Amino acid sequence: MSRFFKARGGSDSDTDSTDSEIEDEPKVTKKNNYGTDDLDFAAGGEDDEKRVVRAQKDKKFDELKGIIKQNRDAKSNKDLNKLLTGFDTLTKAFEKSKAVFQRQNIGVPRFFIRSIVEIENYANKLWDDKEAKSGLSKNNAKALPALRQKVKKYIKELGTPVTDYLANPDEEGYETPEEEEDDIESEDDGVLEKSPEKAVAQAETDDDRDDDVRSTSSWSSEPDTSGSDTDEDGVSKMEQLRRYFLKKEFRGDDKGDKKDKRKQRVIKVKEAVEDDDDDWTPVSREKNVVLFDPKEEVTHDVMIKKLNEVMSVRGKRNTDRDQHVANLRKLLEVSFAIISALFEINVKISDHMDYESFATTLATVNNLLTVLIENENVKLSVTFSDEDENLKDDKEDYRIQGSILIAVQRLDSELAKILQNADCHSNDYIEKLRGEKDMCNLIERAEKYVELRHHLGVFDKYEVCKIYMMRIEHIYYKYKDQCDFEGDVGEMMTYLCNKIYSLDEEKQLRQRAMLCHVYWLAVHDEWHRARDLLLMSHMQAIVDHSDIDTQILYNRTICQLGLCAFRHGFIREAHQGLSEIQNTQRAKELLAQAIGMRQHEKTFEQEKMERSRQVPYHMHINVELMECVYLICSMLLEIPHMASCEFEMRRRMLSRSFHYQLKQSEKASLTGPPENTREHVVAASKAMLNGDWKKCRDYIVNEKMNQKVWNLFYNPEPVKVMVVRRIQEESLRTYLLTYSTVYATVSLTKLSNLFELSKKDVHSIISKMIIQEELSATLDEPTDCLIMHRIEPSRLQMLALNLTGRGGFSGPGAWFPGRNERQGDKQKGTGDRRTGPSDGKRGSNSGGVWGGSGGANQPRRNQKQRAF
Amino acid sequence: MSKFDLTQRMAPFLDLHLVIPLLEFIEPRGIYDSKSITEMHRQLLSKTNMIDSLMDTYGKNVPAAIEEKRKQIIKERDELKAKIDPVVTILELPEVKEMLENNRERDGNVRILEFLAANHGFSAENVEVLYKYSKFMYECGNYTASSVCLYYYRNLANQADPNYLNALYGKLASEILVQEWEHARDDLLKLRAYIDANPFETEWELVTQRAWLMHWALFVYFNYPKGRDEIIELFLNQQPYLNAIQVLAPHLLRYLAVAVVTSKSRQKNSLKDLIKVIDIERHNYEDPVTDFLTCLYIKYDFDEAQEKLQQCEEVLSNDFFLTACLSDFRESARLLIFEMFCRIHQCITIEMLARRLNMTQEEAERWIVDLIRTYRIEGAKIDSKLGQVVMGVKSVSIHEQVMENTKRLTLRAQQIALQLEKSRQEKTVKAN
């Protein structure tokens, strides 16, 4: 009994089985028995009511089984029409009986699922078999696609039970009563043994199609499309099987040898074989062959042959691989199929891989790479067409279509997705970050491989660029000592970038490489080189036209460059760089470090896209730090500026967000001691405005700020010294500007004592201010003091000055010519692009002030004309 | 002192023959070790065909190999001479000469070639010979001959010929070496026009050519009366050339700076631009000349500026191109410092000024008097008793400011009116 069942179990759920009537019979009964007995066991010792239900259930079961039997008849008669209607009635009947099943807590009966799967397989097989299809009658031919579609849809609806059908036999087995154990076990074995075998077989069939399948993206879109692609069914089956494998693996099954997925599969077959009676293997295989139709026999023979080949390869893998390149070639192909299969695990592109499966894939790719590096006569390239492939002839070089580089690339993007989706504050993230290191190593090896084989001309230029690019993208954001790389990272970076500059024909990668290089230089404090490179690249002009990823990278680079400028004391440059990002209020979004707030404005698709662009946490730029640096820069620039235009009615602002912060703090009715970095800077600004540089310094450089800002710099001490020095200088400037009306003369010595600057520095600062006409004063050399010439204008004088507009556009008094000039520009329609937006803004502001309408302008114009 | 010597940095941009005068200039200055200079000189000569000069460096015991080479060269020269003679005879016929002189750029050289081919059996090969011969003569140091032949070649050869650019350079070098500055200047213009037309494949090539051109131009411009203004025009005001300086040869900033400082007509306008460039390139290139300007206009540190000025004198006197400008430079630099002082100070002691300007007090006083007279510095007076220079303070009263601004308004209103008029015209033109 057991052997018979085993054998049948092995075959009956096989994809292509067309069991005979006689064989069906016992199976069904067995199934039946199993079902009832199971229930018996469950319901044992229950009251009458339950028995009634049970009878009801039995009745339902009988009904279903009857239909299934009819279906089988139809199948064997190749009457597809009948099969179609049979399937319909079956599903209907099942729907009806569902309620009963639910009451009994038994979900979907196994025999039902099996029958569904059988029908599907049958339909698929027919579909695939062109010859058989053409032999069908017209009616049947019509019914076939309908049937196929329906079954497929239905299976999809059923979902998990179908997969569980293959995946979960053990668990059910435990619940079964003792006396049936034999039966069940054989059944389970059947399923169990069949699956790995089939998996390998599938991998083999995969092999056959491996070329088109390699492009995994088409795979992953598969569940959505139900076209007539011949691969699909195979694929969906594969899917189930793979899920089966995965589940096993994750359950920590003893069979889960995770070292190598490929090995694992082969080993599994072997294990399955060894687990059982020794004589099982041949029998099952014979049975397999015997049970096939003559037509199918051919294909399955091939399948088995290939299976054997794989097994032999496995056997020789560890011993004399190099001599058996033929096997090796097989191995390559198989591993290729497996890699793509592994990628296949996640169905949707937006989903991310499990970390474990990532690790296994990584290992597989690594192995494949080793094999490729060791064997020079194996060529792997996308440029080979199907016909060119040379798999058997070991006298020539082996040519296989495919690309290891694409696999590496795909793997890299998977890692990014994993990191994107991980919780960045958990230990888990750190755990996963280790994969990054492995990934780096893999990319490095891939690059070496490329360089080793470059002379063969097997690589697509773009691929090669991509590999270099990947390396760059793994290096560019790290500090020198963070990358485990012997040798000079800077040189490496230059070398890689130069490679891309010379190889890349499209501009896109070149731009990215350039930006990464700038970023790297900025991180490593090479301000001048970074700046020159950025300026030479003309990125500012073209970045608007490039893709969003490049724009994000550009934003990141600019921010990093701004921070670098700040560290070097180039306050104006730093301010300029950072303000582009900081003034928008959406800094995080622009750096792709958070999703934008206004989600309701976006469609689901857009949001998904945005999510996929997010930068992984370990590459983030500290936004708070950036903001603080920006505010400090603003303070250093803006405060003296504010002091200098005290008498102008409307001030020009250098930094709007800084003014906003200042105003906010003025509004507060009660100002406590500063808490966050922002408040610190605001408090410091107020101190500076009063010319109190010591207080200002204490607000900027203290314990709290050390923790939040300064310690985040790579080398904080010189930066702090620089900032304090700048505070001294700017305070001096502010002081002079603010109090210039109060003093007639100031001694330089006094100033130098007050601001703790050397006299020489004071002298040079004052000289600069005089030359730039910020300060109307002169120095008296013999007495060493500054003589102020500034007289505070009276109110009338001030108004008159403002009316005539002192500094070109700045005063509101310039409104007349200013406005008219703007009008003229508008009419011309060719305003300077750069000043365009700011002018527009100012225009709208003044519109607010002056009412903006022609009517309000009229009297003022009269007044002006009088002034002429 | 060798720290600021540019011979080594310049050499890669110059022809071997152009480096020779530099070496000869630098040899007696004692900046470098004399042995290494001689060795260098010898190596340089051995790469050329100027055997006689090479033999001079050895004195009496000349190696046999060189004697051998000499014979070979003479033999080669005779062969080439035999080939070239008929060609030159044809070209020196009066009618041909006339044609060559009247040839206009636009017509190209085809017409002459056709004429020569028809009347004198002239062929393309002859043109080649011309080039070869002139190159050989150049190598031998007979620059006059080579410049004449290259003149013919340039008039006959096709612009697309790969040797054409070489010929232009060769002609320029020959003219420089025979010190025909007028001709050299014309050649320089021709070469520049050729380069600016950008016949090169890559951007990099173009930049390199520009850098070469600028180095060679130094010979011409510093030996030519208005040359310094032309340096400013070429180096500073032509953006592509300025870029080439920044990318490849920041050391040229020294020559540019000297040119700007000493230029009388261009100083005011160019100084600001120059300072900007120097500031940008400060991390890349520094020498006393640029530092002087940095100290004066960026750091406002007059003490240091003074120190730098002293260093400048040394640097300039040791620079092949700049020795002649030394006094000019000194004078202009002092003036710049003084001007700065006047703008900042109300009252300066002459003693301090003298210290700053590197003069004795009496000298300084006389100098200032001259200055005030020649440049009409407003309001500056010498208080001889106290030993001070007093500036008249020219602070603008608010009343004046308002007046000024109001006057300006009219001007601006006029401008707007003009602009509107112009745009209206444009529109009507477009509409038609």
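Since the model is a prediction, treat every value here as computed from it, not as a measurement. (Residues numbered from 1 in each chain as written. Chains lettered and ligands numbered in written order. Predicted model: local features only at pLDDT ≥ 70, side-chain atom pairs only at ≥ 80, totals over all residues.)

Visitor: For the overall build of chain B, give the residues involved together with the corresponding values.
Guide: Assigned secondary structure in chain B consists of 22 helices and 3 strands. The proportion of buried residues among the 432 residues of chain B is 33%. Across chain B, the fraction of contacts at a sequence separation of at least 24, relative to all contacts at a separation of at least 6, is 55%. (Helix = DSSP H or I, 4+ residues; strand = E, 2+ residues; numbered from the N terminus. Buried ≥ 20, exposed ≤ 12 C-beta atoms within 10 Å, placed from the backbone. Contact = placed C-beta atoms within 7 Å.)

Visitor: How would you summarise the environment of F200 of chain B if you had to cite specific residues and measurements?
Guide: Residue and element names in this part refer to chain B. With respect to the element layout, F200 can be found in the loop between α11 (181-196) and α12 (203-221). Overall, F200 belongs to the partly exposed group, with 14 C-beta atoms counted inside 10 Å. In contact with F200, not counting residues within four places along its chain, are E205, L206 and Q209.

Visitor: Pulling in residues and values, what's your account of α11 of chain B?
Guide: Residue and element names in this part refer to chain B. Here α11 contains 16 residues, and its C-alpha end-to-end distance of 22 Å stays within 8% of the 22 Å for a straight helix at 1.5 Å per residue. Those residues of α11 lying buried are A184, R185, D187, L188, L191 and I195. An end-on view of α11 places all buried positions within 165 degrees of arc, on one side of the element. In α11, the exposed positions that point more than 90 degrees away from the buried face belong to E182, L189 and A193. The inward-facing, buried residues of α11 contact α10 (162-177) and α12. One or two positions beyond α11, positive phi appears at N198, with a value near 55 degrees. (Expected span 1.5 Å × (residues − 1). Arc of directions from axis to C-beta.)

Visitor: Which residues make up the sheet that holds strand β2 (residues 381-383) of chain B, and what values do they have?
Guide: Pairing is mixed in the open sheet, where 6 strands are placed in the order β3(A)-β5(A)-β4(A)-β1(B)-β3(B)-β2(B). Among the strands making up the open sheet, the edge pair consists of β3 (745-747) of chain A together with β2 of chain B. Shown here is a sheet whose adjacent strand axes are inclined to one another by a mean of 25 degrees, direction ignored. Judged from the 4 bridges that link them, strand β4 (residues 777-780) of chain A and strand β5 (residues 785-788) of chain A form a sheet pairing that is antiparallel. Looking across to β5 of chain A, one finds that D780 of chain A is bridged to C785 of chain A. (Pairing = 2+ DSSP bridges. Axes fitted to C-alpha atoms, helices over the stretch in contact; angles between N-to-C directions.)

Visitor: So what's going on with the pairing of β5 of chain A? Residues and values would help.
Guide: All names here are of chain A. Side chains L786 and M788 of β5 all project onto a buried face; the interleaved residues C785 and I787 project onto a face where none is buried. Two elements, β3 and β5, share 3 bridges in a ladder whose sense is antiparallel. Bridge pairing links S747 to C785 in β5. Between β4 and β5, which pair antiparallel one after the other, the connecting turn spans 4 residues, and D784 there sits at a positive phi close to 60 degrees.

Visitor: Run through the confidence of the model for chain A, naming residues and quoting values.
Guide: All names here are of chain A. Summarising the model, chain A shows a mean pLDDT of 65, and 54% of its residues fall at 70 or more. Confidence over residues 1-53 falls short of pLDDT 50; this stretch has 77 contacts with residues more than four positions distant or in other chains. Considering only residues more than four positions removed or in separate chains, one finds that residues 311-326, a stretch of pLDDT under 50, has 16 contacts. (pLDDT = per-residue confidence, 0-100.)

Visitor: I'd like a rundown of helix α36 (residues 759-771) of chain A, residues and numbers included.
Guide: Residues that lie three or four places apart on an α-helix share one face, since the helix turns once every 3.6 residues. Compared with an ideal rise of 1.5 Å per residue, which puts 13 residues at 18 Å, α36 of chain A spans 18 Å between its outermost C-alpha atoms and is within 8% of the ideal. Of the positions making up α36 of chain A, those classed as buried are D761, V762, H763, S764, I765, I766, S767, M769 and I770 of chain A. The secondary structure elements touched by the buried residues of α36 of chain A are α34 (716-739), α35 (748-754), β4 and β5 of chain A together with α17 (288-299) and α19 (326-344) of chain B. Once α36 of chain A ends, the next one or two residues include E773 of chain A, with phi positive near 60 degrees.

Visitor: Residues and numbers for the environment of S657 of chain A, please.
Guide: Residues and elements named next belong to chain A. Tracing the backbone through its elements, the reader meets S657 in helix α30 (residues 656-667). S657 gets classed as partly exposed once you count the C-beta atoms within 10 Å, which come to 17. Note: C-alpha distance between S657 and S579 (78 residues apart in sequence) is 8.9 Å. Apart from residues lying up to four places away in sequence, S657 is in contact with Q582 and N583.

Visitor: I'd love a proper account of the pairing of β4 of chain A, names of residues and values included.
Guide: Summarising the sheet, β4 of chain A and strand β1 (residues 345-349) of chain B pair through 2 bridges and their orientation is parallel. Opposite D780 of chain A, over in β1 of chain B, you have C347 of chain B as the bridge partner.

Visitor: Before we move on, can you summarise the nonpolar core with the specific residues and values?
Guide: One finds F235 and L256 of chain B to be the most contacted residues of the largest nonpolar core, which totals 205 residues. In terms of residue count, the dominant contributor to this core is helix α29 (residues 623-644) of chain A (12 residues). Counting residues in hydrophobic clusters, the runner-up holds 23 residues, among them F61, I68, F94 and L126 of chain A. (Core = buried A, V, L, I, M, F, W, Y, C linked by C-beta atoms within 7 Å.)

Visitor: With reference to specific residues and values, describe the environment of Q511 of chain A.
Guide: Residue and element names in this part refer to chain A. Tracing the backbone shows Q511 in helix α22 (residues 507-523). The exposure class of Q511 is buried, given the 22 C-beta atoms found within 10 Å. When neighbours within four sequence positions are excluded, Q511 is seen to be in contact with M539, S546 and T550.

Visitor: Go over unusual backbone geometry with me, naming the residues and quoting the values.
Guide: Its identity as a non-glycine residue notwithstanding, E756 of chain A has a phi of 50 degrees, on the positive side. For E756 of chain A, a count of 12 C-beta atoms within 10 Å translates into the label exposed. The phi torsion at N198 of chain B lies on the positive side, around 55 degrees, for a residue other than glycine. Topologically, N198 of chain B is positioned in the loop between α11 and α12. The class of N198 of chain B is exposed, set by 12 C-beta atoms lying within 10 Å.

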